[in-house]
Amino acid sequence: MGQPAINEQKSIPIKKKKSQRFKDFYKKFKKNKAAVIGAILIFLFILISIIGPFFVPYDPGAVSPTNKLEPPSSDHWFGTDHHGRDIFSRIIKGMSYTLFVGFSSVFLGLIVGTLLGIISGYYGGRTDSFIMRCMDVLLAFPGILLALAIVSVLGGSLRNVIIAIAVFSVPVFARIVRGSTLAVRKLEYIDAIKALGASDSRIIFKHILPNTISPLIVQATLTIATAILTASGLSFLGLGAKPPTPEWGAMLSDGRNYLYQAPHVAFYPGMAIVIVVIAFNILGDGLRDAFDPKSKK
Amino acid sequence: MFVFIIRRILQTIPVFLGVTIIVFSLMHLIPGDPAQIMAGESAPAEQVENIRERLGLNDPYPVQYWNYLSNVLQGDLGNSIRSGRDVTTEIGHRFWITVELAFYSIVLSVFLGLIAGIVSAVKQYSFRDVTLMLIALFGLSMPNFWLGLMLIQWFAIGLDVPSWIPFIDNTAWFKPSGWGSFQQIVLPVITLGTGGAAIIARMTRSSMLEVIDQDYIRTARAKGAKERVVIYRHALKNALIPVVTVVGLQFGGLLGGAVLTETVFAINGMGKLVIDAIQARDFPLVQGTVLVASLLFVLVNLIVDITYRYLNKRIDFN
């Protein structure tokens, strides 16, 4: 009967500490105006991606040969493209693709990376060296090139872009999680819990994972920004979403052919990418400051 | 130091092998029969068999890899399916175009990034600092291919400047495509260098801020050293150490970004080569280009690590 008593005794201060930690985090986060703006913007973007398509002025796919390449006007806020489609409506519709690719690829990379990082850091030894050398190899591919190679093999589609970006982000998460796992594993209280008979999975899920969450959230937010840029790059190269999907990278690629007559076709989708990516970047920066125990503000 | 360099070079061997394994495996990840896909769907069976034989696809997997690796070590990256020429020859001078593009871009990003970072850090929270960091945030969040298109529209097609404004020419200042002359180089280098400049600016700023708070800087000021000497001689020297690593990592981003930049500006470098090869389903060429770019990146990181060690002798790399 002694064991539950120990747990109980231990769990109370930890819980208190946790809520205190959250309060501290919230206080710092609230002070960081840029981060709050980022969070609000992302919330708005999600809202737009869900309900926006019901309120767009035109059907994003509706072709209108008589309205080709019209400059921005009160009828068409962002003008029309080479098929006469309303660019504003297409950008609103494209928001969901952008967010979906960003969130899902990073989520996938996060899960796999976390798993590998925990195995690596917790079990150490040869398993650790093997996994980490594999991660080094993945990091040896410069920038977008690994994603490009994967998509070239699997074929160009939004699904394959998500897979490619996930693979591309795995090593980053694996390294972070491994680092925190190593740090926590060495603490004495982990030995104590082990001695009390706690299983590996209990130690991992109850004690190690919670400690990795804050760096992971920060990294995930910043990686979503990179993922959106990479995905739009792949679509721009014709390896991602295929026309007539209103994906922003693909729209930019269309606009490329009309730079002389109608620069707005390329301008607005690019601006949309910039704004969404900025929102994720400032949120990520703000979260980092808020989680950082060293930061004063 | 010598031991460190040798050890660091030895460490790249497993990475090199890993990269070759992945690049080699790419061909085998192709859903379906790679030979059929490369030959085209309607190709006669004989031609497909021919390709299969040429690529050695009939051999067992380890044998294929062994052959691939020994060929790579001898500088033989196979033959392009479409042109039939040596992949090494195909990459040939394009390699140098991409290296040149990446080099100019990294020079530009280090130059702009350092200046912006130092100026921001010296006057933290000033109007200048906030403006520069906003620009950096924008640069960081911008797809470089979009910036490329916008630069073409503004500076290579012609500025939309009213004719009554003196000294500004309405004709195009730079060329929208190709590589070689000054007019062709400027826009791609700005396109590719901006993202890196933004990252380096942010890194320099935070690194400088950390250093400026240290005791030895206060000591230097207390001794009556001029502010300029304090910033450039005492602070910057130490603040640069973490920036070096970022510059090395940036190089990888640049090689990747070169794919998009070269596509936008129709530059015949390695980036455009890989895109053309992907579209033509010319896998040996894709493999070769990806391998060369990765090895280049590994090499640059090796040099950066050695420089880092040289700059910061306190660090003990086990």
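What counts, and where the lines are drawn
- Residues numbered from 1 in each chain as written.
- Chains lettered and ligands numbered in written order.
- Predicted model: local features only at pLDDT ≥ 70, side-chain atom pairs only at ≥ 80, totals over all residues.
- Heavy atoms only, no water.
- Helix = DSSP H or I, 4+ residues; strand = E, 2+ residues; numbered from the N terminus.
- Contact = heavy atoms within 4.5 Å.
- Areas by Shrake-Rupley, 256 points an atom, 1.4 Å probe, with all protein chains shown as cover.
- Lys, Arg positive; Asp, Glu negative; His and termini not counted.
- Charge placed at Lys NZ, Arg CZ, Asp CG, Glu CD.
- Buried area = accessible area lost by both parts, 1.4 Å probe.
- Salt bridge = Lys/Arg side-chain N within 4 Å of Asp/Glu carboxyl O.
- Polar contact = N/O pair within 3.5 Å; in protein donor to acceptor, adjacent residues only side chain to side chain.
- UniProt positions renumbered as here; feature names shortened; annotations may be inferred.
- Expected span 1.5 Å × (residues − 1).
- Buried < 20%, exposed > 50% of the residue type's maximum accessible area, 1.4 Å probe, protein only.
- Patch = residues over 30% accessible without salt bridge, like charges linked within 9 Å, V, L, I, M, F, W, Y side chains within 5 Å.
- Phe/Tyr/Trp six-rings, centres within 6.5 Å; stacked < 30°, edge-to-face > 60°.

## A look at the overall build of chain A
Thought 1: Summing up its helical and strand segments, chain A has ten helices and zero strands in all.
Thought 2: Secondary structure of chain A in N-to-C order comes out as α-α-α-α-α-α-α-α-α-α.
Thought 3: The C-alpha extent of chain A, read off along each of the three principal axes, is 80 × 40 × 35 Å.
Thought 4: Taking all contacts inside chain A whose residues are at least 6 apart in sequence as the whole, residues at least 24 apart take part in 72%.
Thought 5: As presented, chain A carries roughly 14500 Å² of accessible surface, and 65% of it is formed by carbon and sulfur atoms.
Thought 6: If you average the places of the 32 positive and of the 17 negative side-chain charges in chain A, the two averages end up 10 Å apart.

## Side note on the overall build of chain B
Thought 1: Secondary structure assignment for chain B yields twelve helices and zero strands.
Thought 2: Scanning chain B from its N terminus toward the C terminus, one meets helices and strands in the order α-α-α-α-α-α-α-α-α-α-α-α.
Thought 3: Taking the principal axes of its C-alpha atoms as reference, chain B extends roughly 80 × 65 × 30 Å.

## Focus on the interface of chain A and chain B
Thought 1: Counting from both sides, the interface comprises 41 residues of chain A and, opposite them, 47 residues of chain B.
Thought 2: The largest contributions to the chain A side of the interface with chain B come from Val-153, Leu-237 and Leu-259 of chain A, which together make up 16% of the buried area.
Thought 3: Inspection of the chain A/chain B interface yields one salt bridge.
Thought 4: The partner of Arg-202 of chain B in a salt bridge is Asp-285 of chain A, with the nearest N and O atoms 2.6 Å apart.
Thought 5: The interface formed by chain A and chain B holds five residue pairs in polar contact (both at pLDDT 80 or more) in total.
Thought 6: When contributions to the side of chain A that touches chain B are tallied by element, the ones reaching two or more residues are α4 (125-139), α5 (145-154), α8 (200-236), α9 (248-256) and α10 (264-291) of chain A.
Thought 7: When residues of the side of chain A that touches chain B are assigned to their parent elements, the largest contribution, twelve residues, is made by α10 of chain A.

## What about the UniProt feature "transmembrane region" (unreviewed entry) in chain A?
Residues and elements named next belong to chain A.
Thought 1: Under the UniProt annotation, the feature "transmembrane region" (unreviewed entry) is placed at residues 34-56, 99-125, 137-155, 161-177, 216-239 and 266-287.
Thought 2: Between the first and last C-alpha atoms of residues 34-56 the distance is 29 Å; the span itself is 96% helix and 0% strand.
Thought 3: In residues 137-155, helix accounts for 68% and strand for 0%; the two terminal C-alpha atoms are 23 Å from one another.

## Digging into α10 of chain A
An α-helix turns once per 3.6 residues; consequently, residues spaced three or four apart project the same way.
Thought 1: Between its terminal C-alpha atoms α10 of chain A stretches 40 Å, which fits the 40 Å expected from 28 residues at 1.5 Å a residue.
Thought 2: The buried fraction of α10 of chain A is high, at 21 of 28 residues.

## Observations concerning the UniProt feature "transmembrane region" (unreviewed entry) in chain B
Residues and elements named next belong to chain B.
Thought 1: Under the local residue numbering, the UniProt record ascribes the feature "transmembrane region" (unreviewed entry) to residues 12-30, 101-122, 134-157, 182-201, 239-265 and 285-304.
Thought 2: Secondary structure within residues 101-122 divides into 100% helix and 0% strand; the distance between the first and last C-alpha atoms comes to 32 Å.
Thought 3: For residues 285-304, the helix share is 100%, the strand share is 0%, and the end-to-end C-alpha distance is 29 Å.

## Some remarks on a nonpolar patch on the surface
All names here are of chain A.
Thought 1: A surface patch of nonpolar side chains, about 1000 Å² in accessible area, is lined by Ile-40, Phe-43, Leu-44, Ile-46, Leu-47, Ile-50, Ile-51, Phe-54, Phe-55 and Phe-103.
Thought 2: The leading source of residues in the nonpolar patch is helix α2 (residues 33-55), at nine residues.
Thought 3: Of note, Leu-44 is situated in helix α2.

## As for the side chain of Ser-294 of chain B
Thought 1: With respect to the helices and strands, Ser-294 of chain B occurs in helix α12 (residues 283-311).
Thought 2: Taking the relative accessible area as the measure of exposure, Ser-294 of chain B reaches 0% and is therefore buried.

## Quick word on the environment of Leu-295 of chain B
Thought 1: Within the element layout of this structure, Leu-295 of chain B appears in helix α12.
Thought 2: A C-alpha to C-alpha distance of 35 Å links Leu-295 of chain B and Tyr-232 of chain B, two positions 63 residues apart in sequence.

## Overview of the packing of aromatic side chains
Thought 1: Across all of its chains, the model carries 14 aromatic pairs over all chains by this definition.
Thought 2: By the ring-pair criterion, three or more aromatic residues cluster together here, those being Trp-77, Phe-78, Phe-88, Phe-267 and Tyr-268 of chain A together with Trp-146 of chain B.

## Considering unusual backbone geometry
Residues and elements named next belong to chain B.
Thought 1: A positive phi angle is found at Tyr-125, which is not glycine, with a value near 65 degrees.
Thought 2: Mapped onto the fold, Tyr-125 is located in the loop between α5 (87-122) and α6 (127-140).
Thought 3: Taking the relative accessible area as the measure of exposure, Tyr-125 reaches 58% and is therefore exposed.
Thought 4: With phi around 55 degrees, Arg-281 is a residue other than glycine that occupies positive phi space.
Thought 5: Its location among the elements puts Arg-281 in the loop between α11 (270-279) and α12.

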